[in-house]
Amino acid sequence: MLAGKIMAEAAMQEGRYVTWLPAYGPEVRGGTAFCMVIISDSEIGSPYIGEADTLIILNGLSFQKFKCRVKKNGLIIANSSFDLEDDPQNARVLRYPFTDLALKQGNIKVANMIALGSYLGQKGTVATKTIFETIRRMAPAGKKELIKINKQAFMQGLRLA
Amino acid sequence: MINNLKRVLMTGNEAIAEGAIQAGCGFYAGYPITPQNELIAYMAAHLADSGGVFIQAESELAAINMVFGASACGVRAMTSSSSPGISLKQEGISYIAGAQLPAVIVNVMRGGPGLGNIWPSQADYFQATRGGGHGDYRSIVLAPSTVQECYECMPLAFSLADQYRMPAIILSDGMLGQMMEPVLMRSHKPLAISHKPKWALGNSKGRSPNVAKSFYLREGDLEKVNLLLQKKYKTIEAKEQRYQGQYLDDAKVVLVAYGTMARIIKSITHKLRGQGKKVGLLRPITLWPFPVQAFERLALGKMAKKFLVVEMSAGQMLEDVKLVINGRSAVGFLGRLGGGMPSEEEIIKNITSLL
């Protein structure tokens, strides 16, 4: 959810049209969650995504649930720290151990930033500079120490690509 | 007055709350329910900073009656909820309409009937546009279709409610409430609230006391009040119709949709126009008064031959379209129920069959 928000916010700063749609059902009370982000040069109709250009998947259950929801020849970036089912056909799948990498960085919560970095390393949808500005702006007051580790995690992801 | 414009990524629910605060909302009472919780949460966090009063009420009934009281005292007052909670508020809305007081009520619609589910729906159209509570009354109903419009419709809702002294309803839905989009925002300074209205309750020293009531026992009195209300509604029907048209001049098929459905139709219309297909969009912004003038023009014009109404309901706005078209053109319908939403493919298939 946060990785999606950062990407949407950064794309907005770069003057693009964006929508961000969260899972707001029982998911938010435990279990898996997801969000759908659309970045476009023209006005966006539905914020709902049937088949995505790219899926960033951080756990095994979500991989099972969403792996078929990618366009033909689309990209899936998956967290191999969890057991994942077989890759779907017709999609390019990149597997990285985001959770293990985050633990090595000293904070399991930055797995999403590493994943976001690896995605932008592949796609370059928004500039790293804008992502850094967004992370800085979104960090809650009094928790500015989080900026550094999130940036570090993002950079590590970027280098994976 | 517009200075310091900035873009902020926010949900439709938050945009409504921020729009209300900037419109000078002085009182909010509400009770939590998904999918409108971001609205009440935003009000809890920010309304007091702007000098307003926030109350998390013990129930929806309490909330709407607190709004009744605050409004009677001349304060810009609002409440919000989602479908089941809005049903609970109907008695209060009818009383507010009867007492001729302004109030803004936000309904972030979810699937029904009953407790239903938490997914987006447009099945409360009848409830909003036909009254919902008892008695011969109307509410002004506005339907935003983007998060930007969620923000912008609030000052309009408050000023229309004030001008006509009646309830104004914002009909949003779970999708619009939950999604984030950039909002171009004006300065954070709320509008200055004008002097206390002449009809408001308060210290009546030097004038005859004001009364806010909807109870008239003397023979003939209630009919007089009703005739006054009807006269007011006629004025509103003549003056306050709002809609957005797109590609209407040469459209062979006119799609009719509001809110979330309209934004989806809008992008489909662009796409089909790119393929040379003559489709257009008529998006009612005021659901009451229904923009009949726009439909009249199309019905009298030469080009528009067919209408297709698309809703997340079993066909509620459809009835208003049929009433105005009155058999002069074919009116088709596409809808999904109980939190479902027509897919792009489904919509295009239906349009193509009409072309």
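This is a predicted model, so every value here is computed, not measured.

Criteria and thresholds
Residues numbered from 1 in each chain as written. Chains lettered and ligands numbered in written order. Predicted model: local features only at pLDDT ≥ 70, side-chain atom pairs only at ≥ 80, totals over all residues. Heavy atoms only, no water. Axes fitted to C-alpha atoms, helices over the stretch in contact; angles between N-to-C directions. Helix = DSSP H or I, 4+ residues; strand = E, 2+ residues; numbered from the N terminus. Parallel < 35°, antiparallel > 145°, perpendicular 65-115°, else oblique. Left-handed = near helix turned anticlockwise from the far one by under 90°. Contact = heavy atoms within 4.5 Å. Nonpolar A, V, L, I, M, F, W, Y, C, P; charged D, E, K, R; others polar. Buried area = accessible area lost by both parts, 1.4 Å probe. Salt bridge = Lys/Arg side-chain N within 4 Å of Asp/Glu carboxyl O. Polar contact = N/O pair within 3.5 Å; in protein donor to acceptor, adjacent residues only side chain to side chain. Domains from an automatic or database assignment. Pairing = 2+ DSSP bridges.

**Student:** I'd love a proper account of the packing of helix 1 (residues 12–22) of chain B against helix 2 (residues 37–46) of chain B, names of residues and values included.
**Tutor:** If you want to describe how two helices pack, look at the angle between their axes and the distance between the axes. Residue and element names in this part refer to chain B. At their nearest, the axes of helix 1 and helix 2 sit 7 Å apart, and the two run at 40° to each other. As summarised for this structure, helix 1 and helix 2 are arranged oblique, according to the angle between their axes. In the crossing of helix 1 with helix 2, the sense of the turn from one axis to the other is right-handed. Where helix 1 approaches helix 2, its residues Asn13, Glu14, Ile16, Ala17, Glu18, Ala20 and Ile21 are matched on the opposing element by Asn37, Glu38, Leu39, Tyr42, Met43 and His46. Within the contact of helix 1 with helix 2, the residues separate by chemical class into seven nonpolar, three polar and three charged.

**Student:** Go over the interface of chain A and chain B with me, naming the residues and quoting the values.
**Tutor:** Tallying the contact residues gives 20 residues for chain A and 19 residues for chain B. Summed over both sides, the interface between chain A and chain B buries roughly 1,700 Å², with carbon and sulfur atoms accounting for 64% of that surface. For the chain A face of the interface with chain B, the top three residues by lost area are Met12(A), Trp20(A) and Tyr24(A), together amounting to 37%. Across the contact surface, chain A and chain B share one salt bridge. Across the salt bridge formed by Glu43(A) and Lys266(B), the nearest N and O atoms sit 2.9 Å from each other. In this structure, the connection of chain A to chain B is made through five residue pairs in polar contact (both at pLDDT 80 or more). Elements represented by at least two residues in the side of chain A that touches chain B include exactly helix 1 (2–13) and strand 1 (17–22) of chain A. Here the residues of the side of chain A that touches chain B are counted per class, giving 10 nonpolar, five polar and five charged.

**Student:** Could you give me a rundown of the domain arrangement of chain B, with the residues and numbers involved?
**Tutor:** In many reports, interface size means the accessible area that the parts give up when they come together. Residue and element names in this part refer to chain B. Domain assignment breaks chain B into domain 1 (6–203 + 227–238) and domain 2 (243–354). For domain 1 and domain 2, the distance between their C-alpha centroids amounts to 27 Å. Listed as interface residues are 36 residues of domain 1 and, on the opposing side, 27 residues of domain 2. Interface area, domain 1 with domain 2, both sides summed: about 2,400 Å², of which 52% is carbon and sulfur. At the junction of domain 1 with domain 2, the criterion picks out three salt bridges. Here Glu181 ties to Arg263 by a salt bridge, and the two come within 2.7 Å at their closest N and O atoms. Secondary-structure elements contributing two or more residues to the side of domain 1 that touches domain 2 are helix 6 (125–129), strand 6 (140–142), helix 7 (147–164), strand 7 (167–173), helix 8 (174–178) and helix 9 (221–239). Broken down by element, the residue count for the side of domain 1 that touches domain 2 peaks at four residues, all from helix 9. Taken together, the residues of the side of domain 1 that touches domain 2 break down into 20 nonpolar, nine polar and seven charged.

**Student:** Go over the sheet that holds strand 13 (residues 306–311) of chain B, please, and point to the residues and values.
**Tutor:** All names here are of chain B. Pairing in this open sheet of five strands is mixed, and the strands run 9-11-10-13-14 from one edge to the other. Looking at strand neighbours, the two that pair on one side only are strand 9 (243–246) and strand 14 (330–335), the edges of this open sheet. Averaged over neighbouring strand pairs, the angle between their axes works out to 20° when direction is ignored. Sitting on the sheet, helix 11 (residues 292–300) is in contact with strand 9, strand 10 (253–256), strand 11 (279–284) and strand 13, with an inclination near 155° to strand 11.

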